[in-house]
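Architecture at a glance
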Amino acid sequence: MIAIRSYDNYIFANLQKSLLLNAGIYCYLKDENVVTIDPFLSPAIGGMKLMVNKLDVEAANNVLEAAEQAFLETLTCNACGQKTIQKVVSKKTFHTVWKRFWSMLKNGQPVEYTTIYKCYSCGCIQDNL
(Lines give C-alpha, C1' and ligand atoms only; values in the text may rest on other atoms or scores of the structure.)
Protein backbone atom coordinates (compact mmCIF):
# COMPACT_ATOMS: atom_id res chain seq x y z
CA MET A 1 0.00 0.00 0.00
CA ILE A 2 1.20 3.52 -0.89
CA ALA A 3 0.11 6.92 0.46
CA ILE A 4 -1.17 9.09 -2.39
CA ARG A 5 -2.59 12.01 -0.40
CA SER A 6 -2.31 13.44 3.11
CA TYR A 7 -5.03 15.36 4.96
CA ASP A 8 -5.55 17.25 8.17
CA ASN A 9 -9.30 17.55 7.57
CA TYR A 10 -11.31 14.48 8.60
CA ILE A 11 -14.33 15.29 6.41
CA PHE A 12 -12.40 15.98 3.21
CA ALA A 13 -10.28 12.84 3.73
CA ASN A 14 -13.36 10.66 4.06
CA LEU A 15 -15.04 12.26 1.04
CA GLN A 16 -12.04 11.41 -1.12
CA LYS A 17 -11.84 7.92 0.38
CA SER A 18 -15.51 7.41 -0.53
CA LEU A 19 -14.85 8.52 -4.12
CA LEU A 20 -12.22 5.82 -4.47
CA LEU A 21 -14.31 3.13 -2.81
CA ASN A 22 -17.25 3.97 -5.11
CA ALA A 23 -14.89 3.62 -8.09
CA GLY A 24 -13.97 0.11 -6.92
CA ILE A 25 -10.51 1.04 -5.61
CA TYR A 26 -9.74 -0.41 -2.18
CA CYS A 27 -8.25 2.22 0.14
CA TYR A 28 -8.08 3.25 3.78
CA LEU A 29 -6.99 6.22 5.87
CA LYS A 30 -3.82 5.55 7.85
CA ASP A 31 -3.54 7.47 11.16
CA GLU A 32 -7.17 8.60 10.90
CA ASN A 33 -7.92 7.92 14.57
CA VAL A 34 -4.78 9.62 15.87
CA VAL A 35 -5.39 12.84 13.92
CA THR A 36 -9.11 12.86 14.77
CA ILE A 37 -8.45 12.45 18.50
CA ASP A 38 -5.50 14.85 18.68
CA PRO A 39 -5.30 17.25 15.68
CA PHE A 40 -2.10 18.83 17.05
CA LEU A 41 -0.26 15.60 16.20
CA SER A 42 -1.20 15.89 12.52
CA PRO A 43 1.96 17.76 11.41
CA ALA A 44 4.20 15.45 13.42
CA ILE A 45 2.90 12.27 11.76
CA GLY A 46 2.14 13.75 8.36
CA GLY A 47 -1.65 13.87 8.70
CA MET A 48 -4.14 11.19 7.65
CA LYS A 49 -2.72 9.32 4.70
CA LEU A 50 -4.93 7.92 1.94
CA MET A 51 -3.46 4.49 1.24
CA VAL A 52 -4.06 2.53 -1.99
CA ASN A 53 -2.58 -0.59 -3.55
CA LYS A 54 0.55 0.01 -5.66
CA LEU A 55 -1.28 -1.24 -8.74
CA ASP A 56 -4.14 1.24 -8.22
CA VAL A 57 -2.10 4.44 -7.75
CA GLU A 58 -2.62 5.79 -11.27
CA ALA A 59 -6.33 4.94 -11.34
CA ALA A 60 -6.85 6.47 -7.89
CA ASN A 61 -5.06 9.69 -8.86
CA ASN A 62 -7.16 9.89 -12.03
CA VAL A 63 -10.41 9.51 -10.05
CA LEU A 64 -9.43 12.19 -7.53
CA GLU A 65 -8.18 14.62 -10.18
CA ALA A 66 -11.34 14.14 -12.28
CA ALA A 67 -13.51 14.85 -9.23
CA GLU A 68 -11.55 18.02 -8.44
CA GLN A 69 -11.72 19.19 -12.06
CA ALA A 70 -15.49 18.57 -12.13
CA PHE A 71 -15.83 20.64 -8.95
CA LEU A 72 -13.72 23.50 -10.37
CA GLU A 73 -15.85 23.57 -13.54
CA THR A 74 -18.92 24.39 -11.44
CA LEU A 75 -17.31 27.49 -9.90
CA THR A 76 -17.60 30.98 -11.31
CA CYS A 77 -15.17 33.82 -10.75
CA ASN A 78 -16.36 36.45 -8.27
CA ALA A 79 -14.88 39.24 -10.40
CA CYS A 80 -15.73 38.37 -14.02
CA GLY A 81 -18.31 35.56 -13.75
CA GLN A 82 -16.38 33.17 -16.03
CA LYS A 83 -15.97 29.47 -15.28
CA THR A 84 -12.20 29.41 -15.73
CA ILE A 85 -11.04 28.69 -12.17
CA GLN A 86 -7.85 26.62 -12.03
CA LYS A 87 -5.87 25.16 -9.15
CA VAL A 88 -2.28 26.45 -8.86
CA VAL A 89 0.11 24.63 -6.52
CA SER A 90 3.51 26.07 -5.67
CA LYS A 91 6.28 24.16 -3.91
CA LYS A 92 8.77 25.81 -1.59
CA THR A 93 11.96 23.88 -0.89
CA PHE A 94 14.09 24.76 2.11
CA HIS A 95 17.86 24.74 1.67
CA THR A 96 19.07 24.80 5.26
CA VAL A 97 18.78 21.97 7.76
CA TRP A 98 17.04 24.17 10.31
CA LYS A 99 14.40 25.40 7.88
CA ARG A 100 13.71 21.82 6.72
CA PHE A 101 13.49 20.74 10.36
CA TRP A 102 11.05 23.57 11.14
CA SER A 103 8.98 22.64 8.08
CA MET A 104 8.88 19.01 9.27
CA LEU A 105 7.55 20.14 12.65
CA LYS A 106 5.05 22.56 11.15
CA ASN A 107 3.91 20.71 8.00
CA GLY A 108 5.00 17.11 8.51
CA GLN A 109 7.24 17.28 5.42
CA PRO A 110 10.49 19.05 4.47
CA VAL A 111 8.82 21.08 1.70
CA GLU A 112 5.88 23.47 1.84
CA TYR A 113 3.04 23.42 -0.68
CA THR A 114 0.74 26.39 -1.22
CA THR A 115 -2.49 26.04 -3.16
CA ILE A 116 -4.44 28.93 -4.65
CA TYR A 117 -7.36 29.04 -7.06
CA LYS A 118 -6.98 31.52 -9.89
CA CYS A 119 -9.32 32.71 -12.64
CA TYR A 120 -7.49 32.52 -15.93
CA SER A 121 -9.88 34.97 -17.60
CA CYS A 122 -9.18 37.94 -15.34
CA GLY A 123 -6.35 36.75 -13.04
CA CYS A 124 -8.41 37.12 -9.86
CA ILE A 125 -7.34 34.93 -6.93
CA GLN A 126 -10.28 33.05 -5.40
CA ASP A 127 -9.89 32.64 -1.66
CA ASN A 128 -13.38 31.57 -0.63
CA LEU A 129 -13.56 28.02 -2.05
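Residues numbered from 1 in each chain as written. Predicted model: local features only at pLDDT ≥ 70, side-chain atom pairs only at ≥ 80, totals over all residues. Heavy atoms only, no water.

Considering the overall build of the chain
- The secondary structure content of the chain amounts to five helices and six strands.
- Each helix and strand of the chain, ordered N terminal to C terminal, gives the series β-α-β-α-α-β-α-β-α-β-β.
- C-alpha atoms of the chain, sized along the principal axes, occupy 40 × 40 × 30 Å.
- Buried residues in the chain amount to 25% of all 129 residues.
- Excluding contacts between residues fewer than 6 apart, the proportion of contacts in the chain whose partners are at least 24 apart in sequence is 58%.
- For the chain, the exposed surface amounts to about 8700 Å²; the carbon and sulfur share of it is 56%. (Helix = DSSP H or I, 4+ residues; strand = E, 2+ residues; numbered from the N terminus. Buried < 20%, exposed > 50% of the residue type's maximum accessible area, 1.4 Å probe, protein only. Contact = heavy atoms within 4.5 Å. Areas by Shrake-Rupley, 256 points an atom, 1.4 Å probe, with all protein chains shown as cover.)

Here's the deal with the packing of aromatic side chains
- Counting across every chain of the model gives two aromatic pairs.
- On the basis of an interplanar angle of 70 degrees and a centroid distance of 5.7 Å, the ring pair of Tyr7 and Phe12 is categorised as edge-to-face.
- Of the residues examined, Tyr7 reaches a relative accessible area of 7% and is grouped as buried.
- Taking 6.4 Å as the distance between ring centres and 90 degrees as the angle between the ring planes, the aromatic pair formed by Trp98 and Phe101 counts as edge-to-face. A residue pair is termed a helical-turn pair when its members lie 3 or 4 positions apart in one helix, as Trp98 and Phe101 do in helix α5 (residues 97-107) at three residues.
- Residue classification places Trp98 among the exposed residues on the basis of a relative accessible area of 70%. (Phe/Tyr/Trp six-rings, centres within 6.5 Å; stacked < 30°, edge-to-face > 60°.)

Focus: the side chain of Gln16
- With respect to the element layout, Gln16 can be found in helix α1 (residues 10-22).
- Classification of Gln16 by relative accessible area gives buried; the value is 10%.
- Here the side chain of Gln16 touches Tyr7 through a polar contact of 2.5 Å, side chain to side chain.
- Those residues in contact with Gln16 that sit more than four places away from it in its chain are Arg5, Tyr7 and Leu64. (Polar contact = N/O pair within 3.5 Å; in protein donor to acceptor, adjacent residues only side chain to side chain.)

Observations concerning the sheet that holds strand β2 (residues 27-30)
- Ordered in space as β1-β3-β2, the three strands form an open sheet in which the pairing is antiparallel. Where the open sheet ends on each side, the last strands, each with one partner, are β1 (2-7) and β2. Strand-to-strand twist in this sheet, taken as the mean axis angle between neighbours without regard to direction, amounts to 30 degrees.
- Note: β2 against strand β3 (residues 48-52), four bridges, orientation antiparallel. The partner of Tyr28 across the bridge, within β3, is Met51.
- Strands β1, β2 and β3 of the sheet are contacted by α1, whose axis makes an angle of about 160 degrees with β2. (Pairing = 2+ DSSP bridges. Axes fitted to C-alpha atoms, helices over the stretch in contact; angles between N-to-C directions.)

Structural notes on unusual backbone geometry
- Phi angles above zero are rare outside glycine, and Asp31 is one such case at about 65 degrees.
- Looking at the secondary structure, you find Asp31 in the loop between β2 and α2 (32-37).

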